[in-house]
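Reading the structure
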Amino acid sequence: MTKIACIEDLQKLAKRRVPKMFYDYADSGSWTESTYRANETDLQQIKFRQRVALDVSQRSTEMTMLGEKVTMPVGLAPTGLTGMQHADGEILAARAAAEFGVPFTLSTMSICSIEDVAEHTDKPFWFQLYVMRDRDFVSRLVERARDANCSALMITLDLQILGQRHKDVHNGLSAPPKLTLKNMINMATKPGWCFGMLGTKRRAFRNIVGHVKGVQDMSSLAHWTNSQFDPSLSWDDVAAIRKQWGGELIIKGVLDAEDAKAAVNIGADAIIVSNHGGRQLDGAISAIAALPAIVDAVGNKTEVWMDSGIRSGQDVLRAIALGAKGTLIGRAFLYGLGARGQDGVRETLEIIHKELDVTMGLCGKSDLASIDDSILLR
């Protein structure tokens, strides 16, 4: 495949090039995957009003997210195991985002560390935090993010109990991944991926290995990881982290208006309406269906963004029309990364930008500040 026209083209290419266990990790939801599917189908069911004979010759997709100008209101979401889609994946994705003029978020469960990304990029990025039982480790992660000049801290709240993804169970994917005979045979059919991995030293969860007492290598990581997600996490814990951090704070994983109000009360600078891409509570409402009520509940007290299900520039415009001030993409950029590395992430952003620009113009609008639900058929 030489011509890439849409995100689905990159998805097909990534499926050919990335080992099955890692491709499936990115491309899966929990249990029956009903929420995973609903995230996409609910977006697609929202229809636009086509307008004509309106001057749309001077269009702009620029907005701001946390006060920073962005080429379009799209950031790269935090995704675990990004560096297993392509060698040094987090570094490559961060570079592509910086060049395009959109934010990049590094996951706690990344392969490249905070320090790796800071050393190999020249623009501040955001860091996503999972609040583990080991609060000393969490505190040190926050300080490492500060030392790396991260411009915002994103706390994910919807992964304190792990949802089960059947594909991961079937593939034997764990932390660290199990190199079964079946998985090794499949990897051998992906020579480009293998050569890339042989050429990098970054093949572990480098935010964790070497930074936790007793976790010095991948063999000791599994027990620690499985015991660390903390179901006792409370808003008091979030407020304490907010106090330690002191900078811009983003709360991710909100689907309920009452939780959105609680996030505002602890001083969140942005809230991300998200169901973790359908990877946690199967049967939960889609992110786009949850968005309007949360926008209404929060008003102008904080920025409301959305992720989960966005696969096109049209999806971005739908979210903006329903009140979001920004969006994040996960799977879409992972497909590009798996397909073509940094160039593939750039292609992902170019595709989404073009779709956003063209759709906005065909709806008779020249800038995103003027977008509201009047561009939609209700």
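Thresholds, definitions, all that
Position numbers for residues count from 1 along each chain, tracking the sequence in the order it is written. Side-chain atom pairs in this predicted model are given and counted only at pLDDT of 80 or more, local residue features only at pLDDT of at least 70, and totals for whole chains, interfaces and linings cover all residues. Calculation of side-chain values draws on the structure's entire complement of heavy atoms; hydrogens and water are dropped beforehand. For the purposes of this entry, the term helix denotes a DSSP run of H or I that reaches at least four residues, the term strand denotes a run of E that reaches at least two, and both are numbered from the N terminus. Throughout, exposure labels follow a simple rule: accessible area from a 1.4 Å probe, protein chains only, divided by the maximum for the residue type, with under 20% read as buried, over 50% as exposed, and the rest as partly exposed. Residue burial considers only the protein chains on display, and all accessible areas are found by Shrake-Rupley using a 1.4 Å probe. For this count, His and the chain ends are skipped, Lys and Arg are scored as positive, and Asp and Glu as negative. Where a charge lies is defined by one atom per residue type: Lys uses NZ, Arg uses CZ, Asp uses CG and Glu uses CD. Only the stretch in contact is used when fitting a helix axis, every axis being a line fitted to C-alpha atoms; angles between N-to-C directions are given from 0 to 180 degrees. Orientation categories follow fixed angle ranges, with anything under 35 degrees roughly parallel, anything over 145 roughly antiparallel, 65 to 115 roughly perpendicular, and all other angles oblique. Crossing handedness is read from the near helix: turned anticlockwise from the far helix by less than a right angle, it gives a left-handed crossing, and turned clockwise, a right-handed one. Working rule for contacts: check all heavy atoms of both residues, and any pair within 4.5 Å makes them a contact. Residues were grouped as follows: Ala, Val, Leu, Ile, Met, Phe, Trp, Tyr, Cys and Pro as nonpolar; Asp, Glu, Lys and Arg as charged; and all remaining residues, including Gly, as polar. Between Lys or Arg on one side and Asp or Glu on the other, a salt bridge is scored when a side-chain nitrogen of the former is within 4 Å of a carboxyl oxygen of the latter. As used here, the term nonpolar core means buried Ala, Val, Leu, Ile, Met, Phe, Trp, Tyr and Cys residues forming a set that is joined through side-chain atoms within 4.5 Å. Only protein atoms enter the calculation, which uses a 1 Å grid: trapped sets of points that fit a 1.4 Å probe without letting it out are cavities, open sets showing protein on both sides within 12 Å along at least five of seven lines are pockets, and any residue with an atom within 4 Å of a point is a lining residue. Grid points are joined across faces, edges and corners, and a volume is the space filled by probe spheres set on the points. Strand pairing is assigned whenever DSSP identifies at least 2 bridges connecting the two strands. Definition of a polar contact: a pair of N or O atoms within 3.5 Å, with one able to donate and the other able to accept a hydrogen when the atoms are protein atoms, and with sequence-neighbouring residues admitted only if both atoms are side-chain atoms. Of all possible arcs, the one meant is that of the directions from the helix axis to the C-beta atoms. Between the rings of Phe, Tyr and Trp (Trp by its six-membered ring), a pair exists once the centres lie within 6.5 Å; its type follows the angle of the planes, with under 30 degrees stacked, over 60 edge-to-face, and the other angles tilted. Only when the NZ of Lys or the CZ of Arg is both within 6 Å of the ring centre and within 35 degrees of the ring normal is a charge said to sit over the ring.

**Side note on the overall build of the chain**
In terms of regular secondary structure, the chain is built from 15 helices and 10 strands. Across its three principal directions, the C-alpha atoms of the chain cover 65 × 50 × 40 Å. With 378 residues in all, the chain has 58% of them scored as buried. Counting every atom, the chain has about 15,900 Å² of accessible surface; 51% of that belongs to carbon and sulfur. In the chain, which carries 44 positive and 45 negative side-chain charges, the distance between the mean positions of the two groups comes to 5 Å.

**Concerning the packing of helix 4 (residues 89–100) against helix 15 (residues 331–362)**
Interaxial distance between helix 4 and helix 15 falls to 10 Å at its minimum, and their mutual angle equals 20°. In terms of orientation, helix 4 lies roughly parallel with respect to helix 15. Considering how the two elements wind past one another, helix 4 and helix 15 form a crossing that is right-handed. Across the interface between the two elements, Gly89, Leu92, Ala93, Arg95, Ala96, Ala97, Glu99 and Phe100 from helix 4 touch Phe333, Leu337, Gly341, Gln342, Val345, Arg346, Leu349, Glu350 and His353 from helix 15. For the contact of helix 4 with helix 15, a count of residues per class yields 9 nonpolar, 4 polar and 4 charged.

**Re the pattern of salt bridges**
The tally for this structure, following the rule as stated, stands at 20 salt bridges. The closest approach of N and O atoms between lysine 69 and glutamate 62, which form a salt bridge, is 3.9 Å. Since its relative accessible area comes to 44%, glutamate 62 is described here as partly exposed. For glutamate 350, the salt bridge is made with arginine 346, and the minimal N-O distance between the two is 3.2 Å. Separated by 4 residues within a single helix, glutamate 350 and arginine 346 lie in helix 15, roughly one turn from each other.

**Some details on the nonpolar core**
Core analysis: the largest hydrophobic core is formed by 127 residues, its most contacted members being Leu129 and Leu291. Setting aside chain neighbours within four positions, we find leucine 291 in contact with Val273, Val304, Met306, Ala319, Leu322 and Ala324.

**Regarding unusual backbone geometry**
You will see that leucine 81, though not glycine, has its phi angle at about 60°, which is positive. Structurally, the position occupied by leucine 81 is in the loop between strand 3 (74–76) and helix 4. For aspartate 88, which is not a glycine, the phi torsion comes out positive at approximately 60°. Relative to the helices and strands, aspartate 88 is located in the loop between strand 3 and helix 4. In this structure aspartate 88 comes out as buried when scored by relative accessible area, which is 19%.

**A few points about the layout of surface pockets**
Taken as a whole, the largest pocket holds about 930 Å³ of empty space. Around the largest pocket sit 40 residues that line it, and Tyr25, Leu159, Arg165, Asp168 and Arg279 are the ones nearest its centre. Elements that contribute at least two residues to the lining of the largest pocket include exactly helix 2 (20–26), helix 7 (166–171), helix 10 (221–226), strand 10 (326–329) and helix 15. Taken together, the residues that form the lining of the largest pocket break down as 18 nonpolar, 15 polar and 7 charged.

**A word on the sheet that holds strand 8 (residues 270–273)**
Spatial ordering of the open sheet is given by 3-10-9-8-7-6-5-4, a layout of 8 strands whose pairing is parallel. Two strands bound the open sheet, and with one partner strand each, they are strand 3 and strand 4 (105–106). Summarising the sheet, strand 3 and strand 10 pair through 3 bridges and their orientation is parallel. Note on strand 10: the bridge partner recorded for glycine 75 is leucine 328.

**What to know about the environment of alanine 26**
Inspection of the secondary structure puts alanine 26 in helix 2. In sequence terms alanine 26 and aspartate 372 are 346 residues apart; their C-alpha atoms lie 32 Å from each other. Apart from the residues lying within four places of it in its own chain, the contact partners of alanine 26 are Gln85, Arg279, Arg331 and Leu334.

**Observations concerning the side chain of serine 366**
Relative to the helices and strands, serine 366 resides in the segment after helix 15. Separated by 3.4 Å, the side chain of serine 366 and the backbone oxygen of aspartate 55 make a polar contact. Not counting residues within four places of it along the chain, the set of residues in contact with serine 366 comprises Asp55, Val56, Gln58, Arg59, Ser60 and Met360.

**Re helix 3 (residues 34–44)**
Among the residues of helix 3, those classed as buried are Thr35, Tyr36, Ala38, Asn39 and Leu43. Looking straight down helix 3, one finds that the buried residues subtend no more than 165° of arc, so they occupy a single side. Turning to helix 3, the residues buried within the fold contact helix 13 (287–298), strand 9 (303–306), helix 14 (313–321) and helix 15.

**Topic: the packing of aromatic side chains**
The tally for this structure, following the rule as stated, stands at 5 aromatic pairs. Above the face of the tyrosine 25 ring, arginine 279 is positioned so that its terminal group lies 4.6 Å from the ring centre. The ring centre of tyrosine 36 lies 4.0 Å from the NZ or CZ of arginine 331, which sits over that ring.

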